[in-house]
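Spelled out from the first residue to the last, the chains are:
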Amino acid sequence: MEQALIRESTGRQSPTLVSRRVSRDNRQTVGDPFVADPRMTCRNVNVYYGDKRAIKNVSLDVGRNEVIAMIGPSGCGKSTFIRCLNRMNDTIEGCRVTGEITLDGQNIYDSGLDVVALRAQVGMVFQKPNPFPKSIYENIAYGPRIHGLVDSKAALDELVENSLKKAGLWDEVKDRLHEPGTGLSGGQQQRLCIARAIAVSPEVILMDEPCSALDPMATAIIEDLIDELRQHYSIVIVTHSMQQASRVSQRTAFFHLGDLIEVGATSQVFTNPLHELTEDYITGRFG
Amino acid sequence: MEPQLLLCFLLLLSTAGYMIGKRQALAVGRSARGIRSLHSRPAYHGALTALWCAVPAALIFALWLGLDSNIIIRQVLAEMPASFRELPPSEQNLLVNEIKNLVNGNVFTNEVDPVLNAAAERYIRYRSISHGALTVICLSLGLVGILAVKRRISINLRARNQVERIITGVLIACSCIAILTTVGIVLSVLYESILFFRQVPLNSFLFGLEWSPQMAIRADQVGSSGAFGAVPVFWGTLMVSAIAMFVAVPIGLMSAIYLSEYANRRFRDVVKPLLEILAGIPTVVYGFFAALVLAPVVRNTGNSLGLDVSSESALAAGLVMGIMIIPFISSLSDDVINAVPQSLRDGAYALGATHSETIRQVVLPAALPGIVGSVLLAVSRAIGETMIVVMAAGLAANLTLNPLKTVTTVTVQIVTLLIGDQEFDSPKTLAAFALGLVLFVVTLCLNVIALYVVRKYREQYE
Ligand SMILES: Nc1ncnc2c1ncn2[C@@H]1O[C@H](COP(=O)(O)OP(=O)(O)O)[C@@H](O)[C@H]1O
Ligand SMILES: [Mg+2]
């Protein structure tokens, strides 16, 4: 009966057609979390910090060449969720993940799976730009070096240049590649971090509030960049700004207190949410 | 009145001053437009009164006690018979000691020279006069202070500001004492060193290759010419410190890495304090350990390998010193490594770096300046270390590369030069000050560099 309701509501496009939204008490996901040809799939994912359950039974797909935005009030588990996708939660003591997450059909929590290779395929950009205290060049070259992606200096130079170009930073830094990365402006540092992630040719890039420490100009540049990167990568972006989510993403997932409340096409979620909680959030009634 | 008692009275008086000032302020406030109209709260008026009561009196008290025994002694000597007054200075010193012993009741013989006895009695009389005068002056100064402030109390008296200013002054005075002491030490060492360099040329001290400070004390002694080339001594210090750092840097650094990056909370909470206990062991105990346990082990091991090991080898001293220094390096480095932001580690992990790659290629380079700082601090600690080397390193100043041989260090030489009977103006004694001066300059430079490096590191992340 619940299932039917979800199916039914996905089909609706026009706001005028919705007579009744799903009630606040319903903690099941509404909308369609699945896509036809997914790059990553998550099924019944739970995350525990010690005894605390921070993510509750979340199922969600990440499609190819799409930007999917995670929104929700602070502490609802957005960061926790995307950190599952490249197993960054492994580095946190006491953090446990259950359920199944696959990348290209392969379970990434398989005991035989190599985390090193996984993280090369699923890159990550953090809230605060965190360039290494090395030169710009070395920041980019670091990933390819540890993965042994290139075998000559010339190839490495080329890779660095391409990565910086893709991140839209090449023109600004090409004359000072050997100066410290920490000397760049905040927005440039964040693009440097994006270039650093790109350099190991990932398939998916996770971004956890990548613009929250940046000014509006730098934010606009990064948003344009994200839109371009979609041609080559799947991007999962956590954001606090609903404008940003609607500008850059194709699909949006709304989290609340560890539950995935609603997933849908971005235009639909923002104009015609199916769940009362989603509506509360996007109309600014909480969070 | 005895000085101790006087001090208690002063304390009581200033407490009374506090009450009086506070009461007066309350009274003034009430008779004006209420207590709120006072510029400062009554407690500040009380504190101001107490300070004006205590501080000037305490200053006079300290000055007086610092000077009075000298003045009294001079007076007592001046009143002694001429035969005593015309003694040479060194014997006069003995005389003064004897008088003081009599005064304090430390009499070891039955028959005491009546002249000395008379002098001692005079000393006691003068002293009680002096203490009486001190009592009168201090107490009246305290009273005057209280009365003067009490008269000044009005609603406009800026007591709070004045109290703050006096407190600032007291704090400055305390820190000046530390600074002035340091300056005093440096100046006295400098002075003695200059005396030394009058007798031994500077470059033969700094660059001379032979160290044998035994001088002929009497003209008829033989075989001791005195050579003051400091190179072998500094070489010994360098070698022992180098061995110590060779032990301490890898062990300290690796335990710091383990503690901060791998160990779980429980282990860390137990082990870190334990490591720091190492730093709390008195160095003389380490010296013991070096001389009685490690040195024989080193020698026996060496001998069984067919090596010629002296019983007081640079190796044994250096090894033990290294163990002593481990906690300095591990504790400081651990703090520095912990200060590297987690976001840098996350950045490396997210690129697929393993734990050890992250540590080696990201965390350690980021922490390097701080680690260098901690190592430099440890080096200056090693260079200045005395007890271990006194007990475990030898006395022979060998200019050798062989760590199994006996060497001696700067601090050991300073100690041996200064114990025993000798004149204070012989080059042998003065050489200790010259060595101390050079040692001081070296460690000072190291500390300055270390602080500079550490500060530079701080700028990066805060
Ligand atoms: N390392 C951690 N240990 C324990 N609890 C954590 C940890 N990180 C996050 N949490 C908890 O998990 C919940 C989700 O946090 P998070 O994923 O950071 O939220 P968001 O990114 O949506 O603001 C919060 O209640 C938070 O307190
Ligand atoms: Mg977050």
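As the structure is a prediction and not an experimental result, all values here were calculated from the model.

A.B. asks: I keep staring at the nonpolar core and nothing clicks. Help me out?
C.D. replies: For soluble globular proteins, nonpolar side chains are generally found buried alongside one another. In this structure, Y142(A), F196(B), W211(B), M245(B), M321(B), I325(B) and L435(B) are the most contacted members of the largest nonpolar core, which totals 79 residues. It is helix α13 (residues 355–384) of chain B that provides the largest number of residues to this core, a total of 13 residues. Contact partners of Y142(A), with chain neighbours within four places excluded, come to F132(A), K134(A), A348(B), L351(B), A353(B), E357(B), T358(B), Q361(B) and V362(B).

A.B. asks: Please explain the site of ligand 1 as it appears in this structure.
C.D. replies: All names here are of chain A. The environment of ligand 1 is made up of Y49, K52, A54, S74, G75, C76, G77, K78, S79, T80 and I92. G75 has a polar backbone atom sitting 2.7 Å from an oxygen atom of ligand 1. Between ligand 1 and G77, the relevant distance is 3.0 Å, taken from an oxygen atom to a main-chain nitrogen or oxygen of the residue. Considered on its own, ligand 1 offers 550 Å² of accessible surface; in the complex 62% of this is hidden by protein. Of all elements in the fold, only β3 (52–63) and α2 (78–85) reach the threshold of two or more residues within the shell around ligand 1. The greatest single-element share of the shell around ligand 1, amounting to three residues, is contributed by α2. A class-by-class count of the residues in the shell around ligand 1 yields four nonpolar, five polar and two charged.

A.B. asks: Just to check I follow, could you spell out the interface of chain B and chain A for this structure?
C.D. replies: Accessible area lost upon the coming together of the parts serves often as the stated size of an interface. On the side of chain A, 23 residues touch chain B, which itself brings 18 residues to the contact. Summed over both partners, the interface of chain B with chain A comes to about 1600 Å²; 64% of that surface belongs to carbon and sulfur atoms. Scanning the region where chain B abuts chain A turns up zero salt bridges. The interface formed by chain B and chain A contains four residue pairs in polar contact (both at pLDDT 80 or more). Looking at the side of chain B that touches chain A, the element that brings in the most residues is helix α12 (residues 342–350) of chain B, giving seven residues.

A.B. asks: Would you mind showing me how to read the sheet that holds strand β10 (residues 251–256) of chain A here?
C.D. replies: Residues and elements named next belong to chain A. An order of β1-β11-β10-β4-β9-β8-β7 is seen for the seven strands of this open sheet, with the pairing classed as mixed. This sheet does not close on itself; its edge strands, each paired only once, are β1 (30–31) and β7 (122–125). Where β7 lies against strand β8 (residues 204–208), four bridges are found, and the strand directions are parallel. Along β8, the bridge assignment pairs M124 with L206.

A.B. asks: Explanation requested: the side chain of Q188(A) in the structure shown.
C.D. replies: Within the secondary structure, Q188(A) is located in helix α7 (residues 186–198). If near-sequence neighbours (up to four positions away) are discounted, Q188(A) is found in contact with L169(A), E172(A) and R176(A).

A.B. asks: What am I meant to see in a nonpolar patch on the surface here?
C.D. replies: All names here are of chain B. Among the surface-exposed residues, F288, F289, L292, V293, V297 and I323 lie close enough to one another that they form a single nonpolar patch of about 530 Å² accessible area. Ranked by residue count, the leading element in the nonpolar patch is helix α10 (residues 283–304), at five residues. Looking at where F288 falls in the secondary structure, it is placed in helix α10. F288 gets classed as partly exposed once you look at its relative accessible area, which sits at 48%.

A.B. asks: Help me out: how do you make sense of the environment of Q106(A) in this one?
C.D. replies: Residues and elements named next belong to chain A. Relative to the assigned elements, Q106 resides in strand β6 (residues 106–107). Each C-alpha atom of the pair Q106 and M40 lies 9.0 Å from the other, and the pair is 66 residues apart in sequence. The residues contacting Q106, other than those within four sequence positions of it, are I101 and L113.

A.B. asks: Can you walk me through helix α4 (residues 89–104) of chain B in this structure?
C.D. replies: Structurally, the α-helix is built with 3.6 residues per turn, so residues lying three or four positions apart point the same way. Residues and elements named next belong to chain B. Here α4 is 16 residues long and its end C-alpha atoms lie 23 Å apart, about the 22 Å a rise of 1.5 Å per residue gives. For α4, the set of buried residues is L95, V96, I99, L102 and V103. Each buried residue of α4 lies within a common arc of 120 degrees when the element is viewed along its axis, so the set occupies one face. α4 presents S90, N93, L94 and N104 as exposed residues on the side facing more than 90 degrees away from its buried surface. On its buried face, α4 sits against α2 (42–78), α3 (82–85) and α5 (114–152). In the stretch just after α4, G105 is the one whose phi turns positive, near 80 degrees.

A.B. asks: I would appreciate a short explanation of the packing of α2(B) against helix α6 (residues 159–199) of chain B in the present structure.
C.D. replies: Two quantities define a packed helix pair, namely the angle between the axes and the distance from one axis to the other. All names here are of chain B. Running from N to C, α2 and α6 point in directions that differ by 45 degrees, and their axes come no closer than 8 Å. Taken together, α2 and α6 sit at an angle that is classed as oblique. For the crossing formed where α2 meets α6, the hand is left-handed. Contact with α2, carried on its side by Y44, H45, A47, L48, L51 and W52, involves A159, R160, Q162, V163, E164 and I166 of α6 and no other residues of that element. Split by residue class, the contact of α2 with α6 holds eight nonpolar, two polar and two charged.

Calculation notes
Residues numbered from 1 in each chain as written. Chains lettered and ligands numbered in written order. Predicted model: local features only at pLDDT ≥ 70, side-chain atom pairs only at ≥ 80, totals over all residues. Heavy atoms only, no water. Core = buried A, V, L, I, M, F, W, Y, C linked by side-chain atoms within 4.5 Å. Buried < 20%, exposed > 50% of the residue type's maximum accessible area, 1.4 Å probe, protein only. Helix = DSSP H or I, 4+ residues; strand = E, 2+ residues; numbered from the N terminus. Contact = heavy atoms within 4.5 Å. Near = heavy atom within 4 Å. Polar contact = N/O pair within 3.5 Å; in protein donor to acceptor, adjacent residues only side chain to side chain. Areas by Shrake-Rupley, 256 points an atom, 1.4 Å probe, with all protein chains shown as cover. Nonpolar A, V, L, I, M, F, W, Y, C, P; charged D, E, K, R; others polar. Buried area = accessible area lost by both parts, 1.4 Å probe. Salt bridge = Lys/Arg side-chain N within 4 Å of Asp/Glu carboxyl O. Pairing = 2+ DSSP bridges. Patch = residues over 30% accessible without salt bridge, like charges linked within 9 Å, V, L, I, M, F, W, Y side chains within 5 Å. Expected span 1.5 Å × (residues − 1). Arc of directions from axis to C-beta. Axes fitted to C-alpha atoms, helices over the stretch in contact; angles between N-to-C directions. Parallel < 35°, antiparallel > 145°, perpendicular 65-115°, else oblique. Left-handed = near helix turned anticlockwise from the far one by under 90°.

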